[in-house]
Amino acid sequence: MDKISEKDCINEMIETIMNVARGDYSAQIKLTGKNDELDSLAMGINMMVDDIKNNIKQIEKEREKTVARTKELEANRKQLDEKVKILEKNELATLNIMEDLQRTIESLEKAEEEMKIKDNAINSSINGIVIANNTGNITYVNPSFLRMWGYKDKKEVLGKAVVKLWQMKGEYMKIIDAMRDKGGWVGELIAERADGSIFPAQVSSHLVTNEKDEIVSIMISFVDITERKKMEEQLRKLDRIKSEFLNVTSHELRTPMSAIKGYVQMVLKQTLGEITEEQKKALNVVLRNTDRLDNLIRDILDISRLESGTMKFIPEETDITKMVNEAVETMKSSAELKNIKIKTEIGEKLPNLIIDQERIKQVIINIVNNAIKFSSDGSIINVRAKKKEEDVWFEIQDFGRGIPKEKQNKIFDTFYQVDSGMDRKFGGAGLGLSISRGIVLSHGGKISLESEVGKGSTFYFSLPVKPVEDLEDRFKDIDVFGIRKEKNNLKGEKLYFSEE
Amino acid sequence: MTKIMIVDDEQDLREMIDLMMKKEGFETEMAQDGMEFLEKIDVFQPDIVTLDVMMPGLTTKEILQQLREKNNNTKIILLTVVRYSEEEKAQIIKMGNIVDYITKPFDFEELIDRVKFSLSQ
């Protein structure tokens, strides 16, 4: 240690104390080296400063420790918070799982219930139901099946080949093809009972596949159609009788009519001698009523043939303009009696149609005839024909008394008359429109009307430009009168010429 | 004189046509069925025949077959109650003899016109 003067020592002491007061504990007072009181004081101060320095260090250490501890505690709290959050989440998840479970149980119960209902339905169905596996062996039959086939117990049939249930004949490949291509087959088969007796059955079968599109089983449902077949046969027989009756009646009625008409015409033409004006008038009434009766017979026969699908159509290439004009021409005289003008408007470049032109003329005449009947004197009737897309549309418009809304949809029904009193006065049995509809539908066309009471009616009908492939064949597919009937083999004139 | 034969099972109709034709100046003969017609045709030798298609006994087809066997080609007008398609007409014509057909009930003048027209062909 450097030795300094006493005065310097005191000054140094003052300075050190001042530094300590400012917080600087680094300085040490230099000793005088005289080992006197001043030195002792200086040493004392130096020791004191060191002590303070050490104490402060100790305090800082403690403080650092406290800070570290606090940090540690905060970290722990955070962890705890997160754990709480996770727990909360878990609780929610648990609740959700429980709800899901509840729902699953409910839907399972529902499915089970549905299965029970379906099972009951299959069990109590009046249809015979058979389920076979993918190799065609029976795995299930319902009680109706056992009853229909005359088996006492299902054990008698389980495991057997399903095809053994009916007489296959030529249908086998047809059924297999349909099953493969369309996944099912519907048709009629001859079923063979346990005792070997047979009955006709309506069959509906389809394949059941799994998610991988593999065939799991075959479901087959049977209905015994013995009674239906009997009824159909009876209907066919009745139909045949009716058609034969009508054919014979028609011939039997028309032959005497020919005699009446012929003789009346001969007398009227005075071939058999002169007659008076009064006689002429009387015979004209006879002639007119003969024609009316003949028209009625013709209409009844037409209806009967349309109903049974035996109406004969003779399709020929037809010039529309010519046909409409010819039809209108035949109506001219009856229109003139009421001073009614028939105007025709035929569209340009109408294509020729392959139709039975006599029958279509009959449709136009029927509608125009009605229009004349229900128009007042001096009125106008418009007859139009025009091409619209793939059809030729015909329109017959009158300004007569019109048809009430509620009667418009019945107007094409057989024997329907809008106003029976009025119609009777004008003549007609209500067959014309019904026949017209049958003829138009047979040609693949449509027929409709628009009408307002007091303002008049417009009848529309269409004929396709592209002719139906076979008028008669097509007709078999259209159930014009809402009763499905099969085509009869009519005994009649046709047979005299068919090459049997 | 032109000869016409009327074949119909209906007496009234037969006699009516007979009267019509007589008034038109034809020489006439009648038959009530196919059998009688085939017997009389060789004797009477008509120029034309009206033949009803629906008669008891022989069918129209059988009558036409027998005429063919006789090599008889007398003109025949059929009396029918239905109309025929072109195809059927062709089929009928192919059988020979048939020159026309008329649908019942016909107009008295129409029948006379058709008979005269067929004769002129």
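Residues numbered from 1 in each chain as written. Chains lettered and ligands numbered in written order. Predicted model: local features only at pLDDT ≥ 70, side-chain atom pairs only at ≥ 80, totals over all residues. Heavy atoms only, no water.

Participant: How should I be thinking about the overall build of chain B in this particular structure?
Facilitator: The helix and strand inventory of chain B stands at five helices and five strands. When the helices and strands of chain B are placed in sequence order, the string is β-α-β-α-β-α-β-α-β-α. The buried share among the 121 residues of chain B stands at 52%. Of the roughly 5600 Å² that chain B leaves accessible, carbon and sulfur atoms contribute 44%. (Helix = DSSP H or I, 4+ residues; strand = E, 2+ residues; numbered from the N terminus. Buried < 20%, exposed > 50% of the residue type's maximum accessible area, 1.4 Å probe, protein only. Areas by Shrake-Rupley, 256 points an atom, 1.4 Å probe, with all protein chains shown as cover.)

Participant: When you look at the packing of aromatic side chains in this model, what are you seeing that I'm missing?
Facilitator: Residue and element names in this part refer to chain A. Here the structure, examined in full by the defined rule, presents seven aromatic pairs over all chains. On the numbers, 4.8 Å between centres and 70° between planes, the contact of tryptophan 149 with phenylalanine 222 is edge-to-face. Of the two residues, tryptophan 149 sits in helix H3 (residues 143-149) while phenylalanine 222 sits in strand S6 (residues 215-224), which places them 73 residues apart along the sequence. Under the relative-accessibility criterion, phenylalanine 222 is labelled buried at 1%. Linked through ring pairs, Phe145, Trp149, Tyr151, Trp166, Phe199 and Phe222 together constitute an aromatic cluster. Above the ring of tryptophan 393, the side-chain terminus of lysine 388 is found at 5.9 Å from the ring centroid. (Phe/Tyr/Trp six-rings, centres within 6.5 Å; stacked < 30°, edge-to-face > 60°. Lys NZ or Arg CZ within 6 Å of the ring centre and 35° of its normal.)

Participant: I'm lost on a negative patch on the surface in this one. Help?
Facilitator: Residue and element names in this part refer to chain A. Taken together, the side chains of Glu106, Glu109, Glu112, Glu113 and Glu114 present a region of like negative charge at the surface. Among the secondary structure elements, glutamate 109 is positioned in helix H2 (residues 37-124). The class of glutamate 109 is partly exposed, set by a relative accessible area of 47%. (Patch = residues over 30% accessible without salt bridge, like charges linked within 9 Å, V, L, I, M, F, W, Y side chains within 5 Å. Salt bridge = Lys/Arg side-chain N within 4 Å of Asp/Glu carboxyl O. Lys, Arg positive; Asp, Glu negative; His and termini not counted. Charge placed at Lys NZ, Arg CZ, Asp CG, Glu CD.)

Participant: Sorry, what's going on with a nonpolar patch on the surface here?
Facilitator: Together, Val163, Tyr172, Met173 and Ile176 of chain A give the surface a local cluster of nonpolar side chains, amounting to about 340 Å² of exposed area. Checked against the element boundaries, isoleucine 176 of chain A lands in helix H4 (residues 171-182).

Participant: Please clarify how the sheet that holds strand S1 (residues 128-133) of chain A should be interpreted in this entry.
Facilitator: Note on sheets: strands pair through backbone hydrogen bonds, and any given pair is parallel or antiparallel. All names here are of chain A. Pairing is antiparallel in the open sheet, where six strands are placed in the order S2-S1-S6-S5-S4-S3. Among the strands making up the open sheet, the edge pair consists of strand S2 (138-141) and strand S3 (166-167). In terms of strand pairing, S1 meets S2 through three bridges, oriented antiparallel. In the sheet register, alanine 132 faces S2, and the bridge partner there is isoleucine 138. (Pairing = 2+ DSSP bridges.)

Participant: Just checking my understanding: could you explain the pattern of salt bridges for this structure?
Facilitator: Opposite charge on two side chains permits pairing when their charged atoms draw close. Counting across every chain of the model gives 28 salt bridges over all chains. Between lysine 116 of chain B and glutamate 24 of chain B there is a salt bridge, with its nearest N and O atoms 2.9 Å apart. Pair noted here: lysine 116 of chain B is in helix H5 (residues 108-120) and glutamate 24 of chain B is in the loop between helix H1 (11-23) and strand S2 (27-31), with a separation of 92 residues, a long-range link. The network of salt bridges with shared partners includes Glu188, Arg228, Lys229 and Glu232 of chain A.

Participant: Is there a simple way to think about the side chain of lysine 361 of chain A in this case?
Facilitator: Here lysine 361 of chain A shows up in helix H8 (residues 357-373). A distance of 3.5 Å separates polar atoms of two side chains, one belonging to lysine 361 of chain A and the other to glutamate 358 of chain A. (Polar contact = N/O pair within 3.5 Å; in protein donor to acceptor, adjacent residues only side chain to side chain.)

Participant: Would you take a moment to explain the environment of leucine 293 of chain A for this structure?
Facilitator: As for its position among the elements, leucine 293 of chain A is in helix H6 (residues 277-308). Between the C-alpha atom of leucine 293 of chain A and that of leucine 253 of chain A, which follows or precedes it by 40 residues, the distance is 9.5 Å.

Participant: How do you make sense of the nonpolar core when you look at a structure like this?
Facilitator: One broad trend across soluble globular proteins is that nonpolar side chains are buried collectively. Residues and elements named next belong to chain A. Counting 42 residues, the largest nonpolar core has Ile342, Ile364, Phe394 and Phe461 as its most contacted members. In contact with phenylalanine 394, other than residues within four places in its own chain, are Ile320, Met323, Val324, Ile364, Arg384, Ala385, Phe459, Tyr460, Phe461 and Leu463. In terms of nonpolar packing, the next biggest core, distinct from the first, is built from 26 residues, Val141, Phe199, Val203 and Ile218 among them. (Core = buried A, V, L, I, M, F, W, Y, C linked by side-chain atoms within 4.5 Å. Contact = heavy atoms within 4.5 Å.)

Participant: Could you clarify how one ought to interpret helix H7 (residues 320-337) of chain A in this entry?
Facilitator: Residues and elements named next belong to chain A. Over its 18 residues, H7 extends 27 Å from the first C-alpha to the last, a length consistent with the 26 Å expected when each residue adds 1.5 Å. Where H7 bends most, at methionine 331, the angle is about 45°. When we look at burial in H7, the residues that qualify are Ile320, Met323, Val324, Ala327, Val328, Met331 and Ala335. Those residues of H7 hidden inside the fold are in contact with strand S7 (316-318), strand S8 (341-346), strand S9 (353-355), H8, strand S10 (380-388) and strand S11 (391-398). Structurally, the start of H7 carries an N-cap: the backbone nitrogen of threonine 321 is 3.0 Å from a side-chain oxygen of aspartate 319. (Expected span 1.5 Å × (residues − 1). Bend = angle between axes of the 7 residues up to and from the residue.)

Participant: In this structure, what is going on with unusual backbone geometry? I would like to understand it.
Facilitator: For residues other than glycine, phi is negative in most cases, and the peptide bonds are mostly trans. Phi is positive for asparagine 339 of chain A, close to 60°, though the residue is something other than glycine. Its place among the elements puts asparagine 339 of chain A in the loop between H7 and S8.

Participant: Would you mind going over H8 of chain A with me for this structure?
Facilitator: Since one α-helical turn is 3.6 residues long, residues separated by three or four positions face the same way. An ideal rise of 1.5 Å per residue puts 24 Å on 17 residues; H8 of chain A measures up with 24 Å between its terminal C-alpha atoms. Counting buried positions along H8 of chain A gives 13 out of 17 residues, so the element sits mostly inside the fold.

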